[in-house]
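A closer look at the structure
The chain contents come next:
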Amino acid sequence: MIEHRLIERMIAVLRVEVDRVKKTSTPDAVAIDRIVDFIRTYADQTHHGKEEDILFRELQKKEQSDEDRRMMEDLIADHVKSRETTKALVAAKECYLKGDDGAVAEIASRMEFLAGFYPVHIEKEDKHYFIPAMKYFTKEEQEALLREGREFDRKMIHRKYEQLVMENEATAHVVPKKMDPNWMDFL
Ligand SMILES: [Fe+2]
Ligand SMILES: [Fe+2]
């Protein structure tokens, strides 16, 4: 749950930026891009990614109590809501950059939502789900989850920058070079 602590630190930064936007009505597109990059890459693809693709996937196979299953479904719905809100924030920022001052209120409200959402979501997981959910796993299964999580993390930085290169190639009309896998692939 160490990742929750880093997310909380970025949410504190987001909180400051929301208050500034509400006071001045001048969104900072670069600050929004930085916050969105963190939310998308770290909080969503890496952190929520491991929750959904590893932990929840394995919990789906278990006979959970009604209360635990309801909580897991609630957490999954939270992830969807946060993705939708981040997407809407990016769209509002794009409108603002095109000169639509009406987008400022939308930007502030989407940022405000995210700043309020994460602490509540994290508290649900920290205090009401992750620890009780561990009872469904044996020691060996818990170790397998850890191993798979580490492998997921290892691949993440490569996925992130491959995506960035692909987007830049498309913008620059550069045809991607073929990448042949070989034994030196750790470098
Ligand atoms: Fe989560
Ligand atoms: Fe989480």
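What counts and what doesn't
Throughout this document, residue positions are counted from 1 along each chain, in the order its sequence is written. Key to labels: chains lettered from A, ligands numbered from 1, both in the order written. Only residues with pLDDT of 70 or above have their local features reported here, since the model is predicted, and side-chain atom pairs are shown and tallied only from 80 upward, although totals for entire chains, interfaces and linings are computed over all residues. Here a helix means four or more residues in a row that DSSP labels H or I, a strand means two or more in a row labelled E, and each is numbered from the N terminus. Each residue is classed by its C-beta neighbour count within 10 Å, where at least 20 other C-beta atoms makes it buried, 12 or fewer makes it exposed, and intermediate counts make it partly exposed; the C-beta atoms are placed from backbone geometry. In this description, any two residues whose backbone-derived C-beta atoms lie within 7 Å of each other are considered to be in contact. Expected span, for any helix, means 1.5 Å times one less than how many residues it has. Residues enter a nonpolar core if they are buried, belong to Ala, Val, Leu, Ile, Met, Phe, Trp, Tyr or Cys, and are joined to the set through C-beta atoms within 7 Å. Convention adopted: a line fitted to C-alpha atoms gives each axis, helices being fitted over their contacting stretch, and angles between N-to-C directions are expressed from 0 to 180 degrees. Relative orientations are named as follows: roughly parallel for angles under 35 degrees, roughly antiparallel for angles over 145 degrees, roughly perpendicular for angles from 65 to 115 degrees, and oblique for any other angle. Here a crossing is taken to be left-handed if its near helix is turned anticlockwise relative to the far helix by less than a right angle, and right-handed if that turn runs clockwise. Basically, the charged four are Asp, Glu, Lys and Arg, the nonpolar ten are Ala, Val, Leu, Ile, Met, Phe, Trp, Tyr, Cys and Pro, and anything else, Gly included, counts as polar.

**Points about the overall build of the protein chain**
Looking only at helices and strands, one finds six helices and zero strands in the protein chain. The secondary structure elements of the protein chain, listed N-terminal to C-terminal, are α-α-α-α-α-α. When the backbone C-alpha atoms are referred to their principal axes, the protein chain occupies close to 55 × 45 × 25 Å. Per-residue burial over the protein chain gives 15% buried out of 187 residues. If you take every contact in the protein chain between residues at least 6 apart in sequence, the share linking residues at least 24 apart comes to 77%.

**Some points on helix 3 (residues 66–97)**
Look at helix 3: 47 Å from first C-alpha to last across 32 residues, which is about the 46 Å you get at 1.5 Å a residue. Taken together, the buried positions of helix 3 are Met72, Leu75, Ser82, Thr86, Leu89, Ala92 and Lys93. Tucked into the core, helix 3 has its buried residues touching helix 2 (29–60) and helix 4 (103–128). Phi turns positive one or two residues past the end of helix 3, at Gly99, with a value near 105°.

**Here we look at helix 1 (residues 2–24)**
Over its 23 residues, helix 1 extends 34 Å from the first C-alpha to the last, a length consistent with the 33 Å expected when each residue adds 1.5 Å. The complete set of buried residues in helix 1 reads Ile11, Leu14, Val18 and Val21. Elements that come into contact with the buried residues of helix 1 comprise helix 2 and helix 4. A positive backbone phi angle near 55° is found at Ser25, which sits one or two residues after helix 1.

**Describing the environment of Tyr42**
Considering the arrangement of structural elements, one finds Tyr42 in helix 2. By C-beta crowding, Tyr42 is classed as partly exposed, having 18 other C-beta atoms within 10 Å. Measuring from C-alpha to C-alpha, the distance between Tyr42 and Leu6 comes to 9.3 Å, with 36 residues separating the pair along the chain.

**Observations concerning the nonpolar core**
Counting residues in each nonpolar core, the largest one holds 16 residues, and the members touching the most others are Leu14, Ile107 and Met111. Within the residue set of this core, elements represented by two or more residues are helix 1, helix 2, helix 3 and helix 4. Among the elements that line this core, the one with the most residues is helix 4, at six residues.

**Considering the packing of helix 1 against helix 4**
The N-to-C vectors of helix 1 and helix 4 enclose an angle of 155°; their axes lie 9 Å apart at closest approach. One way to sum up the angle between helix 1 and helix 4 is to call them roughly antiparallel. Considering only the axes of helix 1 and helix 4, their crossing is left-handed. Of helix 4, the residues touching helix 1 (which contributes His4, Ile7, Glu8, Ile11, Leu14, Arg15, Glu17, Val18, Val21 and Lys22) are Ile107, Ala108, Met111, Glu112, Leu114, Ala115, Tyr118, Pro119, Ile122 and Asp126. Partitioning the contact of helix 1 with helix 4 into residue classes produces 13 nonpolar, one polar and six charged.

**Section: unusual backbone geometry**
Here Ser25, not a glycine, exhibits a phi torsion of approximately 55°, which is positive. On the secondary structure map, Ser25 appears in the loop between helix 1 and helix 2. The exposed category is assigned to Ser25, around which 12 C-beta atoms lie within 10 Å. The phi dihedral of His173 is positive, around 55°, even though this residue is not glycine. Within the secondary structure layout, His173 lies in the segment after helix 6 (139–172).

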